[in-house]
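Close look at the chain arrangement
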Amino acid sequence: MDYKGKIQERIKSYSLTTFGKKFIDCNDKEKYITLVKGLMEEIVPKWNNSLSKYHGKKKAYYFSAEYLMGRALSNNLINMNWKSEIKGLLEEYQIDYNKIEEAEDDAGLGNGGLGRLAACFLDSAATLDYPLMGYGLRYEYGIFSQKFIDGFQVEKHDNWLEFGDPWSIRKSQDKVVVNFSDGDVLAIPYDTPIIGYGGNTINTLRLWKAEAIRPFDLEEFNKQNYDLSVKDKNDAEYISKVLYPNDSREEGKILRLKQQYFFVSASLQDLIRKHLENYDNLDNFHSLHGIQLNDTHPTVAIPEMMRILTDEYDMEWDKAWNITVKTFAYTNHTILQEALEQWPIKLYKSLLPRVYEMIEKINEKLIEELKEKGMSQKTENYEIISGDNIKMAYLAIYGTHSTNGVAQVHTDILTESELNNWYKLYPERFNNKTNGITQRRWLLKSNPELSDLITDLLGSDKWITNLEELKKLEKYKDDEKILNKFLDIKQKKKNQVAEYIKENEGVEIDPNSIFDIQIKRFHEYKRQLLNAFHILDLYYRLKDNPDLDMVNRTFIFGGKAAPGYERAKGVIKFINEIKELVNNDKDINEKIKVVLVTNYGVSYGEKLFSAADISEQISTAGKEASGTGNMKFMLNGTPTIGTLDGANIEIVEEAGEENNFIFGLKVEDIKEIEDSYNPTKYYKEVKGLKRVMDSLIDGTFSDGDTGIFKELHDSILKGASWHSPDQYYLMKDFDSYREAHKRVDNAFRNRRDWAKKCWINMANAGKFTSDRTIEQYAKEIWDIKKA
Ligand code: 26Q
């Protein structure tokens, strides 16, 4: 019997035994769960086989506090090559596949770029047959879900596990105990299959859930102390309860430290246990394990490894240090000073006293080494323990053999300025790994229409695993017939999004207008406020001159602000106020529409990237380490309006500056002007700028008496105790940004030339596959081989 028949049988019995009814009588969610259970019976034996093929070989491990996986159903069906049969099977029951697909909650166990990168890496490694296993936390609640009330962001818990997660398997037999000074906690692993394209390799994502060793105290219960009887259970389960939003104010929270140590300790125990099943000792651990630290969040792995080797296995220090440094590698994702992780010594000492002693010893050894190298006066530039804090980035550089940035300019900034001291000490440790994205999710799955055209023209679907193939399409850049097909597809995607936005946001947008899209976390450095100022300026110009010659525009925003990040939330409110003003003004004749979509996440992104005409990548130069949304737009044939920052630089290197809309200060320009920058000059002198700025304070809009609009205004013209005025250079870049938008408007009118720009972007996106990135990690950092 073929798998389709088997799955049909399983669906019948599973819906009966689990939901107590026939499959056709189940609701969409129940149908989704039933279907996945049926698929898993087929997947699990293949998964087990796949794991055995790496036996005895070196493997890589990704330690990450975040995995932003999104939905798995379509991805797995495509990668197993089962999608059309399963669709057919559902049709036999007259079930619409799309409804079942939409019934799956996004697995939102991450904040943004860093978490989504981890997910793309897992997909690429499995597709390329590399042994890469992910380790992390199984948060009961992922990134909060977002609503707007009166234009303000309101957060709600994300109950993604409410109906269970049919893709994961609880592996109780692999549970371990994690020790804290205030008590021990159980770590229970849940394994999810990571299916590579073609289904040859199925790797594992192992996420740990925290549980109490003693779930229940019968003695207390009998004394009717019910709260006390479950105290252990509650205390333990808090550890994996909820994902922290990336809020710099959340720095130094004891629960976050517990999360970090919890998953790191459990993962290391897991690896060491498995290693000792095959070897007598840990002397060769580094020959079989390469562990990548996704930012500093899992850096406690370094002292923890030293503790295990020296305390538990009596290894001498230098030998243990050698194994540790050879095992670990570190990826830096940020240049923002305030985002560099530091932990108060007091916290570490009280929660993890022995681990802290390890850090002290590591720091002593570092100072010794500096002295030997004749750098004894400079030790304070390196010391891991400094003042009251532990500097995690320093620990990560010192305790690993590789430190990488995530785009060339980012790596250059690290080596030339932010981490220049360390670069001088260990130049051989620093390297660049420009980020990438998986084309399986971000083109094949999300844009089947364009995928089909590409496959037709290439006469093969090799691009799905070799994205450089797209380069061969560049020759069609002047082919009217092909470009028209491209434009038709873009239109279709725009129509779909217009439909979706009407339904979900209640806003009607013009599918023939320019879809101008900025989707990413709300952060000052990403400058959604600059975008908002431009919209408002355009609106006022239209009011002054209703005949203003412009192509209709729809400005689409999406993104979340960390709950404690007041300014980012203020920008959300400001955009929603602009939306109300603009969308309801009959005078401007629907020439501009503004939408801020609700609860932007991976699945919303899949709809938006492919429907975009223009991609907004407008961070202050030097601030966006890489960006990966920029790559998703490019791959779907969308030109960028952006600054020369992060991977934007490499995007225009590949696709040509003439096919994108570059504006604003560059990293070198900012270096030059930063000491004498006077935003007020631009505020006063740049035409129209004062008017839009002052809309924050002149009563044009309401901030619900929170004072946040005034605070935003002040942050630009007056600065604050912790920063100088307009630290992100909105005033300086405004005019140049507006001028770039005029170029966009102009270029869009010539449909052929516009399509050509889109096409060239798409044809040159090959570099930005995460397959390329993973090949580089595998060869240049991990030294692992394909199965
Ligand atoms: C810190 C302290 C307390 C709680 C949370 C955090 C925290 C959590 C997540 C701090 C930062 C993050 C995430 C950072 C991130 O996503 N960085 C982005 O990484 C992408 C992948 O490399 C880059 O493309 C982006 O440029 C970078 O901003």
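Everything below is about the structure shown above.
Everything in this summary refers to the structure shown in the same document. For clarity, every value in this text was computed on a predicted model and none was experimentally measured.

Positive phi, close to 55 degrees, is recorded for Asp314, a residue that is not glycine. Here Asp314 lies in the loop between helix H12 (301-312) and helix H13 (317-327). For Asp314, a relative accessible area of 66% puts it in the exposed group. Positive phi, close to 60 degrees, is recorded for Asn589, a residue that is not glycine. On the accessibility criterion, Asn589 (58% relative accessible area) is exposed.

Here we take up the site of the ligand. In the vicinity of the ligand, 19 residues are found, and the nearest of them are Leu114, His333, Asn435, Glu624 and Gly627. Here an oxygen atom of the ligand sits 3.2 Å away from a polar atom, N or O, in the side chain of Tyr525. One of the backbone nitrogen or oxygen atoms of Ser626 is found 3.1 Å away from an oxygen atom of the ligand. For the ligand, the accessible surface in isolation is 610 Å², of which the surrounding protein chains cover 89%. No other element matches helix H6 (residues 113-127), which puts three residues into the shell around the ligand. When its residues are assigned to classes, the shell around the ligand shows seven nonpolar, eight polar and four charged.

The next thing to look at is helix H24 (residues 602-609). Along an α-helix, residues three or four positions apart point the same way, because every turn accommodates 3.6 residues. The buried fraction of H24 is high, at seven of eight residues. Taken as a whole, H24 has its buried residues at Val602, Ser603, Tyr604, Gly605, Glu606, Leu608 and Phe609.

Counting buried residues along strand S11 (residues 289-294), six of its six residues qualify, which places the element largely inside the surrounding structure. Alternating residues of S11 divide into His289, Ile291 and Leu293 and Gly290, Gln292 and Asn294, and every residue in both groups is buried. Bridge analysis of strand S1 (residues 59-63) against S11 gives five bridges, and the strand direction is parallel. Residue pairing for S11: Tyr61 is matched across the bridge by Ile291. Two strands pair when backbone bridges link them, and S11 and strand S12 (residues 328-331) are joined in this way by four bridges, in the parallel orientation.

Attention shifts here to the environment of Asp96. Mapped onto the elements, Asp96 comes out in the loop between helix H4 (83-92) and helix H5 (97-103). The exposure class of Asp96 is partly exposed, given its relative accessible area of 39%. Spatially, the C-alpha atoms of Asp96 and Asp28 are 9.7 Å apart, while their sequence positions differ by 68 residues.

Going through the model one piece at a time under the given rule, you end up with 73 salt bridges. Between Lys579 and Glu580 there is a salt bridge, with the nearest N and O atoms lying 3.8 Å from each other. Exposure remark for Lys579: the relative accessible area of 19% places this residue in the buried category. A network of salt bridges, in which partner residues are shared, links Lys171, Asp174, Asp191, Arg206, Asp270, Arg273, Lys274 and Glu277.

Another point: the pairing of strand S5 (residues 145-149). One ladder, built from five bridges, connects S5 with strand S6 (residues 152-156); its direction is antiparallel. Looking across to S6, one finds that Ile149 is bridged to Phe152. Between S5 and S6, which pair antiparallel and follow one another directly, the connecting turn spans two residues, one of which, Asp150, has a positive phi of 55 degrees.

Okay, a nonpolar patch on the surface next. Judged by side-chain polarity, Phe216, Leu218, Phe221 and Tyr226 come together as a nonpolar surface patch covering roughly 380 Å² of accessible area. Inspection of the secondary structure puts Tyr226 in helix H8 (residues 226-229). You can call Tyr226 partly exposed: its relative accessible area is 41%.

Let's shift gears to empty space enclosed by the protein. For the structure shown, the criterion picks out four cavities of 30 Å³ or more. Considered as a void within the structure, the largest cavity measures approximately 450 Å³ in volume. Every residue lining the largest cavity is counted, 33 residues in all, and those nearest its centre are Met69, Gly70, Ala72, Ala107 and Trp167. At the level of secondary structure, the elements contributing two or more residues to the lining of the largest cavity comprise helix H2 (28-52), strand S2 (67-70), helix H3 (73-80), strand S3 (107-109), H6, strand S9 (183-195) and strand S10 (202-211). A per-class count over the lining of the largest cavity returns 19 nonpolar, six polar and eight charged. Of the voids in this model, the second largest cavity is the one considered here, and its volume is about 170 Å³. The wall of the second largest cavity is formed by 17 residues, among which Glu524, Leu529, Ser715, Tyr728 and Leu730 lie closest to the centre. When residues of the lining of the second largest cavity are traced back to their parent elements, those giving at least two are helix H22 (528-544), helix H23 (566-583) and helix H30 (708-717). Considered class by class, the residues forming the lining of the second largest cavity number eight nonpolar, five polar and four charged.

About the thresholds
Residues numbered from 1 in each chain as written. Predicted model: local features only at pLDDT ≥ 70, side-chain atom pairs only at ≥ 80, totals over all residues. Heavy atoms only, no water. Helix = DSSP H or I, 4+ residues; strand = E, 2+ residues; numbered from the N terminus. Buried < 20%, exposed > 50% of the residue type's maximum accessible area, 1.4 Å probe, protein only. Near = heavy atom within 4 Å. Polar contact = N/O pair within 3.5 Å; in protein donor to acceptor, adjacent residues only side chain to side chain. Areas by Shrake-Rupley, 256 points an atom, 1.4 Å probe, with all protein chains shown as cover. Nonpolar A, V, L, I, M, F, W, Y, C, P; charged D, E, K, R; others polar. Pairing = 2+ DSSP bridges. Salt bridge = Lys/Arg side-chain N within 4 Å of Asp/Glu carboxyl O. Patch = residues over 30% accessible without salt bridge, like charges linked within 9 Å, V, L, I, M, F, W, Y side chains within 5 Å. 1 Å grid on protein atoms, 1.4 Å probe; cavity = no way out; pocket = protein on both sides within 12 Å on 5 of 7 lines; lining within 4 Å. Points joined across faces, edges and corners; volume = space filled by probe spheres on them.

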